[in-house]
Amino acid sequence: MAERSAPVGVMDSGVGGLSVLAEIQRLLPNESLLYVADCGHVPYGEKTPDYIRQRCRHIAGFFREQGAKAMVLACNTATVAAVADLRELYPDWPLVGMEPAVKPAAAATRSGVVGVLATTGTLQSAKFAALLDRFASDVRVVTQPCPGLVERIETGDLASPQLRQLLQGYVQPLLDAGCDTLILGCTHYPFLRPLLSGLVPAEVAIIDTGAAVARQLQRLLADRDLLCEGPPRGVGFWSSADPQALRDILPVLWQVDEKVLPLGV
């Protein structure tokens, strides 16, 4: 059985999962966290499900070697492709995935129209279709794939004119359709909240699931008596690409400099 002091592994295709990592650290400051950015294989949204499953198995194996007591797939596309596979492979290991916030968005909308910004892989998945069937039967959901956003965020671009123009092109059709609630269906996209606030009316609610994932992790650890007690702990970072690239972007997205180690591919 894992010890309470064992770390929690958090992974994403790149830096987007830092938005989830921040929520986990905020809610569970005593936990030791390991973060893997699979930057050598980003973006996942355009990869095949089999390719993504192989990457997630590789990273899960790394976390297991590090003694992780739980794993968080801080990536909607990875969750769609791989969480069921990993749960079958490790049935007794707490695993937390992501899913677009269809349920809270459907409850929040007043106009009856919900917009979704997400990767192509997420929007085309059976899991997303099932979410719509389950929670959005009484509302209209307008989806928008967003190629190019992840790649720009990966470089630390959160506010350039080119990014603004790209994001405007994705958001405007949703506003034109009458949406008053906007789902950020990729963990990279919360970093665009400041830019989005200037592109959408103030009455449009913007929803992501990072805080909900942190609460689910807290529940799973508590159920197994695995919540860590003691002083606040830090985060270890790994990247499957050049570690320097992640090291350079951490001050932008994480607000601190951190050591980044290479993840063997």
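What you are looking at is a predicted structure, and each value in this text was computed from that prediction instead of being measured.

Enquirer: Report on the layout of surface pockets, specifying residues and quantitative values.
Expert: Space inside the largest pocket adds up to approximately 500 Å³. Elements represented by at least two residues in the lining of the largest pocket include exactly helix H3 (76–89), strand E4 (95–96), helix H4 (102–108), helix H6 (126–135) and helix H10 (210–223). Here the lining of the largest pocket takes 8 residues from H10, the largest share from any one element. Residues belonging to the lining of the largest pocket are distributed by class as follows: 15 nonpolar, 5 polar and 8 charged. Here the lining of the largest pocket spans two domains, since at least three of its residues come from each of domain 1 (8–98 + 211–262) and domain 2 (102–207). Estimated volume of the second largest pocket: approximately 220 Å³. Lining of the second largest pocket is provided by 13 residues; of these, Ser19, Ala22, Phe191, Leu253 and Gln255 occupy positions nearest its centre. Elements with a minimum of two residues in the lining of the second largest pocket: helix H1 (18–27) and helix H11 (243–253). Class assignment for the residues of the lining of the second largest pocket results in 8 nonpolar, 2 polar and 3 charged. Mapped onto the domain boundaries, the lining of the second largest pocket takes at least three residues apiece from domain 1 (8–98 + 211–262) and domain 2 (102–207).

Quick notes on the rules
Residues numbered from 1 in each chain as written. Predicted model: local features only at pLDDT ≥ 70, side-chain atom pairs only at ≥ 80, totals over all residues. Heavy atoms only, no water. 1 Å grid on protein atoms, 1.4 Å probe; cavity = no way out; pocket = protein on both sides within 12 Å on 5 of 7 lines; lining within 4 Å. Points joined across faces, edges and corners; volume = space filled by probe spheres on them. Helix = DSSP H or I, 4+ residues; strand = E, 2+ residues; numbered from the N terminus. Nonpolar A, V, L, I, M, F, W, Y, C, P; charged D, E, K, R; others polar. Domains from an automatic or database assignment.

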